[in-house]
Every structure is written in C-alpha cells, then in structure tokens.
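Now for the letters of each chain:
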Amino acid sequence: MTTPVHVTVTGAAGQIGYQLLFRIASGQLLGPDTPVVLRLLEIEPAMKALEGVVMELDDCAFPLLAGIEATSDLDVAFNGTSWALLVGSVPRKAGMERSDLLGVNGGIFKPQGEAIAGHAASDVRILVVGNPCNTNCLIARSHAPEVPADRWFSMTRLDQNRAETQIAKRVGTGVAGVKNLVIWGNHSSTQFPDFANATVDGVPVVDAVNDRAWLEGEFITTVQKRGAAIIEARGASSAASAANAAIDTVVSLTTPTPADDCVSVSVTSRGEYGIPEGLTFGFPVVADGVGGWSVKEGFEIDEFSRAKIQLTVDELVGERDEVVKLGLLG
Ligand code: NAX
C-alpha cells in the first residue's frame, strides 16, 4: 500500500467537519488509491464531541483510513500534514465590528500559520474555509513565510457552484455545461460572480440567458446572498455544500483543468488583472494536475465588471489595513 497522506481538518467537530471527514476518509478528496491519516484539531470544549465523531469514523471501517489523530494541540494537528483544511474559526455574529472579528480570528490563524510552518510536510498546501476566509488565509500565510505563497488557498468554490446552478437552471440545462464561471474577490457579499466570461453548452452565458438585467441584478445578488438565504431557511449555515466545495477545490487543484474551464479559488495575487499584490483574491485558476497552477489569462473585464471587482478589492484592502493596524500580520 502507498504511504498515507496526512490531512488536517480544524474545527473538526463542527457542522462542516461532520460533512467533510467521512468524504475524505472514503477517498473522495485524494482518490481511491491514496490512504489518509486524519489529523483533527478542536478546541478543548469540543474534544468530547470530536471523540464521538472519531467513533463514527471508526465505525465506518473505511479501508483507506490509515489513522486518526484527534487533538487540541496545534503542533500535533499539523505534524507531517500535506493538506491543511482550516475550517474552524469565529464567523461574524450580530453586532460584531469588523475589527473585533478580525482580531478574534487573528488569535486563531496566527498560531495556526506558525504551527504549519514548524510542523507540516514540505509539500503542504492549505485551504482556508473558516470566515472571513480570505483574510484569515492572509494572516496565517504571513506567519509562515517558509511556506511558498502559491500553496495558500481560500474557498470561493461554493460561490462558483452556486453561480453555476443559477445559470444552468435559468437556461434549462445541466450544470456540467457551465464553464469558465469565476468568482472574483472576497468570499463575502462583495464577491463578483462573473457571467461575462462564462459559457453554457459552448455558448456565451450572456447570449444563452439573453437577459442582461437579470444577470447584472438578480443573478449576482442571489449568489452573493445565498449563504444568508440558507441560514434563513435552515436555521443554520451551509455545511454539506461547503464541505462539498472544499472537496471540489482540492480535487480541482490536483487534476488538470480542462482548456475550456477554470477553477474559482482565492490565491495570493501576483498583480494579475491589476489586483493588488499579496491579497488573497478569488481568481480564475487553472491547475496543471501535478501541484502547479496559474491565474488564467484572457478574461475580458468591461466597465461593469471592473466596477464590481473594484468593490471587492476595496473590501479586501480594508480588511488587510485593519489587520495591519491590529498588528496581526507577520
Ligand atoms: P461550526 O461552528 O459548526 O464549527 C466550527 C468548529 O470550529 C467548532 O466545532 C469549534 O469548536 C471549532 N473551532 C473554533 N475555534 C477553533 C480553533 N481555534 N481551533 C480549532 N477549532 C476551532 O461552524 P461550521 O458551520 O462548521 O463553519 C465553519 C466555518 O466555515 C465558519 O467560519 C463559516 O463561516 C465558514 N464557512 C465558509 C464558507 C466558504 O465558502 N468559505 C461557507 C460555509 C461556512 O459559512
């Protein structure tokens, strides 16, 4: 049997953790030939709940699950890990100011960045899911300068999946036909789901939908506000779809991207499309299937799109300025 790959999940006893761990252990993250060791991080008060999750993982008797390490110790959690899925965080609560939110998360993502730098495998890649995920990723990365910037990702794939479904339903076709649908910017309500570069069944979305007002209005706001709509309906935030998007992100980053498509994921900007360098920003990405990726070139940005992208740039710059002010960047 091949050597197991160690995968860390933080916030492992949470909602998303519960939807994610069983899929990883069954081979859906790294494929049917790769055994995994799960390294599960939780805070002390949630260790008992995590114990129950571990019991259930045991009870599945997954042939690919080569071991489970459940811990509240950061160094143990990230020891030898090749994929760190940072899910646990403190999302915004009613009445919380942005600086409070960023301050609390700085306290989580700074030490996690340091522990990744100190203990992870040399090939580690990190996907931040816990909100505010783009800036949490920036904080962790800044405390792990030893880990190359191109190994850090934050999740905009759930937004891509949401946007694809909206388009497919509108056109009355299957979701597999929707390509090149990028989410620019922050995983927040300023994100820009870019219909202008997307195609459906080989036809530009703009032509297939043939209703620019819907695309510029309801489509964008439905995707931007989908998380809130799910909380309103379900009384709890997206969990199964978020876990699914985390799996999709890793699979897409580890398999070659088809020429007519892209992956929506937030990566460290190197100034592509005029986005300020160093921001963790949602771009159209293409993966080579052997660990490399690049921002896809050639997307047209018209005046409408540029204005939308600027809004999300401004928000992320604001978040970055705030964490600088709070002394949270390494
Ligand atoms: P839950 O509150 O169910 O679970 C979070 C878990 O994290 C808890 O068990 C908690 O004990 C643990 N935790 C807190 N601080 C920790 C720390 N310092 N170290 C380790 N574990 C810690 O939240 P859940 O629904 O699972 O969501 C997790 C995060 O994902 C939230 O921040 C949420 O906002 C974010 N989301 C991000 C999405 C995205 O697309 N990027 C979409 C879904 C989701 O909203």
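Here the structure is a predicted model, which is why all the values come from computation and not from measurement. (Residues numbered from 1 in each chain as written. Predicted model: local features only at pLDDT ≥ 70, side-chain atom pairs only at ≥ 80, totals over all residues. Heavy atoms only, no water.)

Caption draft 1: Examining the pairing of strand S13 (residues 280-287) more closely. Counting buried positions along S13 yields seven of eight residues, so the element is predominantly enclosed. Relative to strand S14 (residues 293-295), S13 runs antiparallel, the two being bridged by three bridges. In the strand pairing of S14, Ala287 is matched with Trp293. The turn joining S13 and S14, which pair antiparallel and follow one another in sequence, is formed by five residues; a positive phi near 90 degrees is taken by Gly289. (Buried < 20%, exposed > 50% of the residue type's maximum accessible area, 1.4 Å probe, protein only. Helix = DSSP H or I, 4+ residues; strand = E, 2+ residues; numbered from the N terminus. Pairing = 2+ DSSP bridges.)

Caption draft 2: Fine view of the sheet that holds strand S10 (residues 199-200). On the basis of which strands lie adjacent, the open sheet formed by three strands has the order S7-S10-S11 and antiparallel pairing. Looking at strand neighbours, the two that pair on one side only are strand S7 (178-179) and strand S11 (203-204), the edges of this open sheet. Where S7 meets S10, two bridges bridge the pair, whose relative direction is antiparallel. Each bridged residue has a counterpart across the sheet, and for Val178 the counterpart in S10 is Val200.

Caption draft 3: Local environment of the site of the ligand. Around the ligand sit 25 residues in total, of which Gln15, Ile16, Glu42, Ser89 and Asn131 are the nearest. Gly14 has a polar backbone atom sitting 3.4 Å from an oxygen atom of the ligand. In this structure, Ile16 approaches the ligand through a main-chain N or O atom, which is 2.9 Å from an oxygen atom. Across the shell around the ligand, the residue classes tally to 13 nonpolar, 11 polar and one charged. Shared between two domains, the shell around the ligand holds at least three residues of each, these being domain 1 (5-154) and domain 2 (157-319). (Near = heavy atom within 4 Å. Polar contact = N/O pair within 3.5 Å; in protein donor to acceptor, adjacent residues only side chain to side chain. Nonpolar A, V, L, I, M, F, W, Y, C, P; charged D, E, K, R; others polar. Domains from an automatic or database assignment.)

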